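Chain residues, written in single-letter form:
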Amino acid sequence: MNRRLAQGFSDDMPARDSAETIAVIAIGANLGDRQATMTAALEELARLPLTTRVVASAPIETVALTLDGPDADAPAYLNAVALVTTRLAPSVLLGYLHAIEEAHGRPPRRVDDLRWQSRTLDLDLIAYGDVRSDDPALTLPHPRAAERTFVLEPWLHVDPEAVLPGVGRVRDLLADLRDAEASADAEPAPDGGPA
């Protein structure tokens, strides 16, 4: 594993005092050289205009998630979370995220795209400060973030006091997901045998 990526990422730019906001960006990849792609994406985030700081978690490897649930036969994902201190508007930041994805081989997003496909790079805007939006083009916070351990776990590593706006503390959300997973694993199968 790339040593820099395994240790997380922190650019060397000093933070400025201004009307900056911390955006939470989930980063994932399960095709190609995942580590190199994620490292390059983090470096590109650090070079965005009006952006002063990027801090990212070390990546975790997870089973690919499909419409039918986890797929252990699909290429595994590397997932991380970056905290990006920026003055870019959320819609402008989202446009940059999509451009970075495309530069790394992801086809342009379309409304009718299937979710949870294998991809070279996936950058999701999870939260932008306390901003809440129901706009289909930019829903904040991300509507499924509270259901994803592969978002919550690395987020908690870079911000132990993180809060998903309007939902709750990331630590509590992650604990609830882990409890639900443990309960599901302990339930007997419908025929009465082990699950």
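Now for a description of the structure that goes with this document. As the structure is a prediction and not an experimental result, all values here were calculated from the model.

When its secondary structure is counted, the chain shows 5 helices and 12 strands. Looking at the chain residue by residue over its 195 residues, the buried ones come to 45%. Counting contacts in the chain only where the partners sit at least 6 residues apart, residues at least 24 apart contribute 70% of the total. Total accessible area on the chain is roughly 10,400 Å²; 51% of this is exposed by carbon and sulfur atoms.

The subject of this paragraph is the packing of helix α4 (residues 149–158) against helix α5 (residues 170–186). For the pair α4 and α5, the least separation of the axes is 9 Å and the interaxial angle reads 135°. As judged from the angle between their axes, α4 and α5 are oblique. As for how α4 packs across α5, the hand of that crossing is left-handed. Contacts from T149, L152, E153, W155 and L156 in α4 reach V170, R171, L173, L174, L177, R178 and E181 in α5. The residue makeup of the contact of α4 with α5, split by class, is 7 nonpolar, 1 polar and 4 charged.

Going from L140 to P141, the amide bond is cis rather than trans, its omega being -10°. Relative to the helices and strands, P141 resides in the loop between β10 (138–140) and α4.

This paragraph deals with the nonpolar core. With 27 residues, the main nonpolar core has I25, I27, L45, A82, L93, L97 and L125 as its most contacted residues. Mapped by element, the contributors of at least two residues to this core are β2 (21–29), α2 (34–46), β3 (51–56), β7 (77–86), α3 (90–103), β8 (122–128) and β10. Among the elements that make up this core, the one with the highest residue count is α2 (5 residues). Residue contacts for I25: discarding those within four places in its chain leaves L45, A80, V81, A82, V84, L93, L97, L123, D124, L125 and I126. Counting residues in hydrophobic clusters, the runner-up holds 21 residues, among them A26, A127, L156 and A162.

Turning to the pairing of β8, a few remarks are in order. On a regular strand, each side chain points to the face opposite its neighbour's, so the side chains alternate between the two faces of the sheet. Burial analysis of β8 places 7 of its 7 residues in the buried class, the great majority of the element. Here β2 pairs with β8 via 6 bridges, running antiparallel. The residue bridging I27 from the neighbouring strand is L123, located in β8.

Time to look at the side chain of R106. One can find R106 in the loop between α3 and β8. By relative accessible area, R106 is classed as buried at 9%. Polar side-chain contacts of R106 include one of 2.6 Å to the side chain of D122. Beyond its immediate stretch of four places on either side in the chain, R106 contacts E101, R119, T120, L121 and D122.

This paragraph deals with the pattern of salt bridges. Taken as a whole, this structure holds 8 salt bridges when the rule is applied. Across the pair R178 and E153 runs a salt bridge, and its minimum N-O distance is 3.1 Å. A residue pair is termed long-range when its members are at least 10 positions apart, and R178 in helix α5 and E153 in helix α4 qualify at 25 residues. A salt bridge links D172 to R169; the shortest N-O distance between them is 3.8 Å. What makes R169 partly exposed here is its relative accessible area of 34%. In the salt-bridge network here, residues are joined through shared partners; they are E101, R106, R119 and D122.

The next point concerns α5. With 17 residues, α5 extends 24 Å between its outermost C-alpha atoms, agreeing within 8% with the 24 Å of an ideal straight helix rising 1.5 Å per residue. All buried positions along α5 are accounted for by V170, L173, L174 and L177. Taken around the axis of α5, the buried residues stretch over an arc of 100°, which confines them to a single face. In α5, the exposed positions angled more than 90 degrees off the buried face are occupied by D179 and A186. Each element contacted by the buried residues of α5 is listed here: α4, β11 (163–164) and β12 (168–169).

Rules and cut-offs
Residues numbered from 1 in each chain as written. Predicted model: local features only at pLDDT ≥ 70, side-chain atom pairs only at ≥ 80, totals over all residues. Heavy atoms only, no water. Helix = DSSP H or I, 4+ residues; strand = E, 2+ residues; numbered from the N terminus. Buried < 20%, exposed > 50% of the residue type's maximum accessible area, 1.4 Å probe, protein only. Contact = heavy atoms within 4.5 Å. Areas by Shrake-Rupley, 256 points an atom, 1.4 Å probe, with all protein chains shown as cover. Axes fitted to C-alpha atoms, helices over the stretch in contact; angles between N-to-C directions. Parallel < 35°, antiparallel > 145°, perpendicular 65-115°, else oblique. Left-handed = near helix turned anticlockwise from the far one by under 90°. Nonpolar A, V, L, I, M, F, W, Y, C, P; charged D, E, K, R; others polar. Core = buried A, V, L, I, M, F, W, Y, C linked by side-chain atoms within 4.5 Å. Pairing = 2+ DSSP bridges. Polar contact = N/O pair within 3.5 Å; in protein donor to acceptor, adjacent residues only side chain to side chain. Salt bridge = Lys/Arg side-chain N within 4 Å of Asp/Glu carboxyl O. Expected span 1.5 Å × (residues − 1). Arc of directions from axis to C-beta.

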